[in-house]
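Spelled out, the chains give:
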Amino acid sequence: MTADDRFGRLDDDDYPAFTMGRAADMLNTTQGFLRALGEHRLITPLRSPGGHRRYSRYQLRIAARARELVDQGTPIEAACRIIVLEDQLEEAQRINAELSRTRTADHPPQGTAERPGSQPAS
């Protein structure tokens, strides 16, 4: 692996670049909070060869959202469920929009093509 390969990963949202301590500091929370998110299966940090938890930027964004909900008084179990449901809704909306685009491309709206034998309007 070259130095360019290693540093290129820093732009990867899924690269587990942050230790648990650093992640907790960045989120202004405790390591226990991050462990609780793992226990509730909201995020599953990758493990270093030594077994230490490592978090990606994507996982930190999810943890930050959970932290916002908990700070607003939502129990952690409910916060985790809300985030999962929000993610599922976003994915369903993306799939729906993609299917709508495909359907429109395959079947243009009726009435836009001329009928055989008709005269164009002057």
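Just so it is clear, the structure is predicted and the values come from calculations on it, not from any experiment. (Residues numbered from 1 in each chain as written. Predicted model: local features only at pLDDT ≥ 70, side-chain atom pairs only at ≥ 80, totals over all residues. Heavy atoms only, no water.)

1. Structural notes on the packing of helix α4 (residues 57-71) against helix α5 (residues 76-106)
So, point 1. Packing of α4 against α5 brings their axes to within 9 Å, and their N-to-C directions diverge by 125 degrees. As summarised for this structure, α4 and α5 are arranged oblique, according to the angle between their axes. Our pair here, α4 against α5, has a crossing hand that is right-handed. Contacts between α4 and α5 involve Y58, I62, R65, A66, L69 and V70 on the former and, on the latter, I76, A79, I82, I83, E86 and D87.
So, point 2. When its residues are assigned to classes, the contact of α4 with α5 shows nine nonpolar, no polar and three charged. (Axes fitted to C-alpha atoms, helices over the stretch in contact; angles between N-to-C directions. Helix = DSSP H or I, 4+ residues; strand = E, 2+ residues; numbered from the N terminus. Parallel < 35°, antiparallel > 145°, perpendicular 65-115°, else oblique. Left-handed = near helix turned anticlockwise from the far one by under 90°. Contact = heavy atoms within 4.5 Å. Nonpolar A, V, L, I, M, F, W, Y, C, P; charged D, E, K, R; others polar.)

2. Things to note about the pattern of salt bridges
It is possible for side chains of opposite charge to pair when their charged atoms get near one another.
So, point 1. Per the counting criterion, the structure on display carries seven salt bridges.
So, point 2. The residue R65 makes a salt bridge to E68 at a minimum N-O spacing of 3.5 Å. Taken together, the residues span about one helical turn, with R65 and E68 both in helix α4 at a distance of three residues.
So, point 3. Residue E68 is classed as partly exposed on the basis of its relative accessible area, which comes to 42%.
So, point 4. Between E91 and R94 there is a salt bridge whose closest N-O contact spans 2.7 Å. Taken together, the residues E91 and R94, both in helix α5 and three residues apart, mark about one turn of the helix.
So, point 5. You can call R94 partly exposed: its relative accessible area is 42%. (Salt bridge = Lys/Arg side-chain N within 4 Å of Asp/Glu carboxyl O. Buried < 20%, exposed > 50% of the residue type's maximum accessible area, 1.4 Å probe, protein only.)

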